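Close look at the chain arrangement
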Amino acid sequence: MSDGNILEIHHLSKTFGKNVVLRDIDFSVKPKDVTCIIGASGSGKSTLLRCVNLLETPTSGQILYHETDITDRKMNAAAYRAKVGMVFQNFNLFSNMTVLDNCMVGQVKVLKKDKAEARKNAMMYLEKVNMAPYINAKPRQLSGGQKQRVAIARALAMEPELLLFDEPTSALDPQMVGEVLSVMRALAKEGLTMIIVTHEMAFARDVSSHVVFMADGVIEEEGKPEQIFENPQNQRTKEFLSRFRQG
Amino acid sequence: MSLPQDFMGRIGYLLSMYGESFLVGAGKTMVIALVGTLIGCLIGFAVGIVQTIPVSKEDHIIKRILLWIVKLILNIYVEVFRGTPMMAQAMFIFFGASAVFHYNMSTWFAAFFIVSINTGAYMSETVRGGILSIDPGQTEGAMAIGMTHVQTMMNVILPQALRNIMPQIGNNLIINIKDTCVLSIIGVVELFYTTKGVAGAMYTYFEAFAITMVIYFILTFTCSRILRFWESKLDGPDNYDLATTDTLAHTSGMYRYPDPRKGEDA
């Protein structure tokens, strides 16, 4: 059943106490897929993404990464996370380090690269996100859009096989949203495999190869972006997208 | 030379006669305070780090029990040493060691030991607070690039926690400089003990302690200024250099990032 899927999620559920956040989630990601997860706030999108990176422990179900179940307790979570990057809504840059160190520390400490190589690699990705001039800055000295681009460079510097974005533009003003989305568009074009939780509908429609619509912890509808955005079948998808489609 | 009658004259007399003793006493006070604070901080970090090790229900049962026991012991240590006067601890440990274990510790060793273990008890709570004060997003960011718990602590959390608790470390150092005087009770010859000796020799209590007050204040004030300076160093500069050779950027032409094209243009 796995035809070269990077990631397969089977019957994933997550509850916080009595609160059921995710119910029987199934989906899979192929190499070079750009999967956008859309849906109202509180529908479980972020929790799903956090489960994929094991920042939350799923209550039940399987997450297969190259056919290995990562929810197995014996799995080395840190080694897995080194291959699956994550970009957060609140950036989470290390505030005690400069921009350059933020992009180097993972390579040096986790991937055990030597400093010169890590620096070269970090510079390459910082240039890609147009943040190379800011290598000496501390995160507190940067704007939100700049921080998020550094955060993307930091994740890319680990050369992940799969990159997760958790509402990367939700804390940004419209101009900064533009900066960050253009970087992400470029990454999509290069064929990076990504899962993106986003409220940017136009971006999801244009960039993604696959769209997942979630409501109340379940996947209500999924498919090609044309299908979801032009011709949604599910009633809740129609309602959710009605404002966007009129605009 | 007889003892002058006026206050300043007596001060001058004491300084000329016992100046060296005062200096030696002040030096010993500083050594005890500095070493005690340093070792105390190390104890504090060790205890604080252990106290903040996350335990989840998925962990192995033996690991959970072990952690529970260790944390309990550390809690008892912290509560006992925070909850009793250092002066009483000094007596208890110094005389208890010889009475129970027949171990006669030197007064120097006792001084370092008591100040360190006391500071450690206070610092462990400070460190715990410092670690808890760091945004959980920092931990998530570190975990997301594959860092282990230890790597996250060493590279991300502790450096930030250390910066946040610097004022408290300074507080502790200053408290220790002053509180070493309670060690005079077990015969540690530090500044207070020296002063008592000098004062008693000539019945110049007021003058001798006037000198000592000034010395203590100089010691604490100097330390607090040095720590402030160190703090601002840790914060780094408010500005940063744009590492660019772009001639349109307002910082272009900085010598650290020379424009490779400059030579050709000229």
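Below is a short write-up of the structure. (Residues numbered from 1 in each chain as written. Chains lettered and ligands numbered in written order. Predicted model: local features only at pLDDT ≥ 70, side-chain atom pairs only at ≥ 80, totals over all residues. Heavy atoms only, no water.)

Next up on the list: the nonpolar core. Counting residues in hydrophobic clusters, the biggest one holds 55 residues, and the most contacted among them are Leu126, Ile152, Phe165 and Met194 of chain A. Among the elements that make up this core, the one with the highest residue count is helix α6 (residues 174–189) of chain A (eight residues). Beyond its immediate sequence surroundings of up to four residues, Leu126 of chain A is in contact with Val99, Leu100, Cys103, Met131, Ala132, Ile135, Val150 and Ala153 of chain A. Counting 43 residues, the second largest nonpolar core, distinct from the first, contains Val110 of chain A together with Met166, Leu191 and Ala199 of chain B. (Core = buried A, V, L, I, M, F, W, Y, C linked by side-chain atoms within 4.5 Å. Buried < 20%, exposed > 50% of the residue type's maximum accessible area, 1.4 Å probe, protein only. Helix = DSSP H or I, 4+ residues; strand = E, 2+ residues; numbered from the N terminus. Contact = heavy atoms within 4.5 Å.)

Turning next to the pattern of salt bridges. The full count for this structure, using the stated rule, is 13 salt bridges over all chains. The salt bridge partner of Arg50 of chain A is Glu140 of chain B, with a shortest N-O separation of 2.7 Å. In this pair, Arg50 of chain A sits in helix α1 (residues 45–52) while Glu140 of chain B sits in helix α5 (residues 136–144), so the two residues belong to two different chains. Between Glu190 of chain A and Lys128 of chain A there is a salt bridge, with the nearest N and O atoms lying 2.9 Å from each other. Of this pair, Glu190 of chain A sits in the loop between α6 and β8 (194–197) while Lys128 of chain A sits in helix α4 (residues 115–128), and the two are 62 residues apart along the sequence. A network of salt bridges, in which partner residues are shared, links Arg50 and Glu56 of chain A together with Glu140 of chain B. (Salt bridge = Lys/Arg side-chain N within 4 Å of Asp/Glu carboxyl O.)

This next bit is on the sheet that holds strand β6 (residues 84–87) of chain A. Residues and elements named next belong to chain A. Reading across from one edge, β6-β7-β8-β3-β9-β10 is the order of the six strands in this open sheet, with mixed pairing throughout. Edge positions in the sheet fall to β6 and β10 (218–223), since each of these pairs with one other strand and no more. Averaged over all pairs of adjacent strands, the angle between their axes in this sheet comes to 20°, without regard to strand direction. Sheet analysis places strand β3 (residues 34–39) next to strand β9 (residues 210–215), joined by five bridges and oriented parallel. Counted as the bridge partner of Thr35 is His210 from β9. Along the sheet, α6 makes contact with β3, β7 (162–166) and β8, crossing β8 at roughly 150°. (Pairing = 2+ DSSP bridges. Axes fitted to C-alpha atoms, helices over the stretch in contact; angles between N-to-C directions.)

Here we come to the sheet that holds strand β5 (residues 68–69) of chain A. All names here are of chain A. Strand order across the open sheet formed by four strands is β2-β1-β4-β5, with antiparallel pairing between neighbours. Strands at the two margins of the open sheet, each flanked by one partner only, are β2 (19–29) and β5. Examined bridge by bridge, strand β4 (residues 60–65) and β5 share two bridges and lie antiparallel to one another. Among the inter-strand pairings, Leu64 is bridged to a residue of β5, identified as Asp69. Packing of α1 onto the sheet brings it into contact with β1 (7–16), β2 and β4, and relative to β1 it is tilted by some 120°.

Bringing unusual backbone geometry into the picture now. Residue and element names in this part refer to chain A. Here Asn130, not a glycine, exhibits a phi torsion of approximately 60°, which is positive. Along the chain, Asn130 falls in the loop between α4 and α5 (144–157). Relative accessible area serves as the criterion here: at 55%, Asn130 is assigned to the exposed category. The phi dihedral of Glu167 falls on the positive side, at around 40°, and the residue is not glycine. By the element assignment, Glu167 lies in the loop between β7 and α6.

Turning our eyes to something else, we now look at the interface of chain A and chain B. Listed per partner, the contact involves 35 residues of chain A and 28 residues of chain B. Between chain A and chain B lies a buried interface of about 2400 Å² when both sides are counted; carbon and sulfur atoms form 53% of it. Taken together, the connections running from chain A to chain B amount to one salt bridge. The tally of links from chain A across to chain B stands at eight residue pairs in polar contact (both at pLDDT 80 or more). For the side of chain A that touches chain B, the residue count by class is 18 nonpolar, nine polar and eight charged. (Buried area = accessible area lost by both parts, 1.4 Å probe. Polar contact = N/O pair within 3.5 Å; in protein donor to acceptor, adjacent residues only side chain to side chain. Nonpolar A, V, L, I, M, F, W, Y, C, P; charged D, E, K, R; others polar.)

Overall, the coordinates contain 10 aromatic pairs over all chains when judged by the stated rule. Ring geometry for Tyr103 of chain B versus Phe109 of chain B: centroids 6.4 Å apart, planes at 85°, classification edge-to-face. Taking the relative accessible area as the measure of exposure, Phe109 of chain B reaches 39% and is therefore partly exposed. Of the aromatic side chains, those joined through ring pairs into one cluster are Tyr103, Phe109 and Phe113 of chain B. In this structure, Arg154 of chain A is placed above the aromatic ring of Phe94 of chain A, and the distance from its NZ or CZ to the ring centre is 4.4 Å. (Phe/Tyr/Trp six-rings, centres within 6.5 Å; stacked < 30°, edge-to-face > 60°. Lys NZ or Arg CZ within 6 Å of the ring centre and 35° of its normal.)

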